[in-house]
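Here's the letter readout for the chains.
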Amino acid sequence: MILSDISIKKAINDKRIIINPYSEKDVQPASVDVHLSDTILIFKNSVAPYIDLKDEIPDLTEEVKIKKNIPFILHPGEFALGSTLEKLTLSNDIVSRIEGKSSLGRLGLLIHSTAGFIDPGWDGNLTLELANVSRLPITLYYGMRIGQISFQEMTTEVENPYGSAKLKSRYKGQILPTASRVHIDFEDQIKQS
């Protein structure tokens, strides 16, 4: 079941959900609003002729800092990685989802392509997959409400929470927007052969 505002506040009080920084004013009827951090990763398209999923391309992204009250401009068709200002920690019996805010979606801003699911045991800031699908540039500001997280209780605690050595989780503990680590899948295949 999806947690209501009452249940979210109780889970936060019981430390089954930890959000830092946290303000009760961000609690919605069935979610908690999150905000944009000051760090964006932009893609340097001239670094490689294409993205080969088997290869790590360390120079593919460049970090940009958003200064207070000065916008980062996301142009039509552009894709960048951002992160939540809030660090999220989940107990081993709660799963979560991040979604965009309706008002931003109505302007053409998407905050995740596929990575909306947050596993039990997660600990870190969430990387956002920012895309502008409108025909006009969109301004993004440090600290603005960027998304909302909903929570669900699981039937039991999980056997292997996110970050377990058995799972080879790649992003636990991340603080800044983190580029893809998909190349690790191929490294593991090569080691096994």
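Residues numbered from 1 in each chain as written. Predicted model: local features only at pLDDT ≥ 70, side-chain atom pairs only at ≥ 80, totals over all residues. Heavy atoms only, no water.

J.: Got a minute to help me understand the overall build of the protein chain in this structure?
T.: Per the secondary structure count, the protein chain includes three helices and twelve strands. Here the protein chain has a C-alpha radius of gyration of 18 Å; the compact-globule value for 193 residues is 16 Å, and the two agree. Seen through its C-alpha atoms, the protein chain measures out along the principal axes to roughly 50 × 50 × 25 Å. Long-range pairs, those at least 24 residues apart, make up 74% of the contacts in the protein chain between residues at least 6 apart in sequence. When the 22 basic and 25 acidic side-chain charges of the protein chain are each reduced to a single mean position, those positions are 3 Å apart. (Helix = DSSP H or I, 4+ residues; strand = E, 2+ residues; numbered from the N terminus. Rg over C-alpha atoms; globule rule 2.2 N^0.38 Å. Contact = heavy atoms within 4.5 Å. Lys, Arg positive; Asp, Glu negative; His and termini not counted. Charge placed at Lys NZ, Arg CZ, Asp CG, Glu CD.)

J.: I would appreciate a short explanation of the packing of aromatic side chains in the present structure.
T.: One pair of aromatic rings is described through two measures. These are the centre distance and the angle between the planes. Tallied over the entire structure, the rule returns two aromatic pairs. A ring pair is formed by Phe43 and Phe79, whose centres lie 5.6 Å apart and whose planes are at 40°; its orientation type is tilted. Pair noted here: Phe43 is in strand 3 (residues 39-43) and Phe79 is in strand 6 (residues 79-90), with a separation of 36 residues, a long-range link. By relative accessible area, which is 36% here, Phe79 ends up partly exposed. Measuring from centroid to centroid gives 5.3 Å for Trp122 and Tyr162, while their planes differ by 50°, and the two rings are tilted. Remark: Tyr162 occurs in the loop between strand 12 (145-153) and helix 3 (183-192) and Trp122 occurs in the loop between strand 9 (117-118) and strand 10 (123-132); sequence separation between them is 40 residues. As far as burial versus exposure is concerned, Trp122 and Tyr162 are alike and both buried. (Phe/Tyr/Trp six-rings, centres within 6.5 Å; stacked < 30°, edge-to-face > 60°. Buried < 20%, exposed > 50% of the residue type's maximum accessible area, 1.4 Å probe, protein only.)

J.: How should the nonpolar core be read in this particular structure?
T.: Across soluble globular proteins, you tend to see nonpolar side chains buried next to one another. By size, the foremost hydrophobic cluster in this structure holds 34 residues, and its most contacted members are Ile17, Leu36, Leu88, Leu130, Leu140, Ile146 and Phe151. In contact with Ile17, other than residues within four places in its own chain, are Leu3, Ala11, Ile12, Leu88, Thr89, Leu90, Ile94 and Phe151. (Core = buried A, V, L, I, M, F, W, Y, C linked by side-chain atoms within 4.5 Å.)

J.: What's the story with the environment of Ile12 in this structure? I'm lost.
T.: Looking at the element boundaries, Ile12 is found in helix 1 (residues 5-13). Judged by relative accessible area, Ile12 falls into the buried class, the value being 15%. Along the backbone, Ile12 and Glu129 are 117 residues apart, and their C-alpha atoms lie at a distance of 26 Å. When sequence neighbours within four positions are dropped, the list of residues in contact with Ile12 reads Ile17, Ile19 and Tyr22.

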